[in-house]
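# Structure assessment
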Amino acid sequence: MQYSRSMVLPISPNLLLTLTLLLKTKSVSGTALALGVSQPSVSRSLSQLRTALKDPLLVRSGSGMARTRRGEELVGRLADWMATTSALLVEDSFDPARVERRFRVASTDFGVMSVLLPAMATLREEAPAIAIDIVPLSHATHRALAEGDIDLAISGLDHDPSQLHRALLFEDEFLCVTRADHPLARNEESVSVDEFLAHPHLGLTVSEAELDRVAMTLGSAAATRKVVASLPYFGLAPAMLAAGDLVMVLPSRAAAHFDARHGLATRPAPAELGLLQYWLLWHERSHRDPASHWLRERLAQICKQQAPRDS
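Description of the structure in this document.

## Brief notes about helix α2 (residues 28–35)
Among the residues of α2, Val28, Thr31 and Ala32 are the ones counted as buried. Each buried residue of α2 lies within a common arc of 100° when the element is viewed along its axis, so the set occupies one face. In α2, the exposed residues that point more than 90 degrees away from the buried face are Leu33 and Ala34. On its buried face, α2 is in contact with α1 (13–25) and α3 (39–53). Within two residues after α2, Gly36 carries a phi angle of roughly 70°, on the positive side.

What follows is the structure, encoded as structure tokens:
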């Protein structure tokens, strides 16, 4: 069947909802399950949409389906339409105690421990019917937020402020963490770059892109850095550091979770590493949503109440 771009026939809101889910899931069966209807019903709707929009929208690709270029163009617009339509049904008077909502938040384990964990008791008290699903932080944060796959992201990575809304949660200093009897633990002064690079390292990578902040910040100076192992999270760092003469760079809020029982020592990291700025990120599609706004405000407020080493 040949499709051409010309005058579009009127499309009902029900068909637009079906199209929104089809383009998001790229699955007839997934859309049928989400809508609680039969797969033949969704297939008929897809056929109507293809005729109305004069484009296939979804095409076979391997064992699944892929969006056409026209389908890709419509994803963001339909997400905005859904957000705007939903906002029409929101009461002017917002009461978090009455909100039943499931939020998806992308974060590393550092974000969970330094932002979400300190806030959970307050969130549960004020909005007992909300739920938070934590998902891994992706390098494609903007796309995930734009398509509605996640509601918020908590990240220390650089992001273009022209593409996303953001709020600074806190700034944190970096510390070198070692075994208590490590050579670097002999004094409390800042570690120089030369001292830092003279020892083998335990690296920390962020998101599936495996970004290493130390390597990114030091640039060519990190060419002689010896990373003998790396982790995508810091929960196992104490055991890894205790097993050898390794050095790891962590934000002070992360290092604060390692007490004396772990037998670890800390020193200020090289000043060249700068400070960590930790951000809350969201898309325009949820910027005016009262529930999302409430959650963002509470997370930011509770972060500001935390002392740098007490989160």
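## As for the environment of Gln163
The residue Gln163 is located in the loop between β5 (152–155) and β6 (165–179) in this model. The class of Gln163 is partly exposed, set by a relative accessible area of 45%. Separated by 96 residues in the primary sequence, Gln163 and Arg67 have C-alpha atoms spaced 23 Å apart. Discounting chain neighbours no more than four positions away, the residues touching Gln163 are His142 and His283.

## Overview of the nonpolar core
Grouped together as the largest cluster of nonpolar side chains are 54 residues, with contacts concentrated most on Val115, Leu123, Ile154, Leu169, Phe196 and Leu299. Of all hydrophobic cores here, the second largest spans 17 residues; its members include Leu16, Leu23, Val75 and Leu78.

## Section: the sheet that holds strand β9 (residues 227–231)
Pairing is mixed across the open sheet formed by three strands, whose spatial order is β8-β7-β9. Two strands close off the open sheet at either side, each with one partner strand: β8 (211–212) and β9.

## Some thoughts on the packing of aromatic side chains
Enumeration according to the criterion identifies three aromatic pairs in this entry. On the basis of an interplanar angle of 90° and a centroid distance of 6.2 Å, the ring pair of Phe110 and Phe170 is categorised as edge-to-face. Within this pair, whereas Phe110 is found in helix α5 (residues 109–126), its partner Phe170 is found in strand β6, the two being separated by 60 residues in sequence. For the pair shown, Phe110 and Phe170 are each scored as buried. With a centroid separation of 5.3 Å and 20° between ring planes, the pair formed by Phe170 and Tyr278 is classed as stacked. Here Phe170 is found in strand β6, whereas its partner Tyr278 is found in strand β12 (residues 275–282), with 108 residues between them in sequence. Taking relative accessible area as the criterion, Phe170 reaches 5% and is therefore assigned buried. Seen from the ring of Trp279, Arg166 lies directly overhead, with NZ or CZ sitting 3.9 Å from the centre. Across from the ring centre of Phe170, 3.8 Å away, lies the NZ or CZ of Arg253, which sits over that ring.

Cut-off values and rules
- Residues numbered from 1 in each chain as written.
- Predicted model: local features only at pLDDT ≥ 70, side-chain atom pairs only at ≥ 80, totals over all residues.
- Heavy atoms only, no water.
- Buried < 20%, exposed > 50% of the residue type's maximum accessible area, 1.4 Å probe, protein only.
- Helix = DSSP H or I, 4+ residues; strand = E, 2+ residues; numbered from the N terminus.
- Arc of directions from axis to C-beta.
- Contact = heavy atoms within 4.5 Å.
- Core = buried A, V, L, I, M, F, W, Y, C linked by side-chain atoms within 4.5 Å.
- Pairing = 2+ DSSP bridges.
- Phe/Tyr/Trp six-rings, centres within 6.5 Å; stacked < 30°, edge-to-face > 60°.
- Lys NZ or Arg CZ within 6 Å of the ring centre and 35° of its normal.

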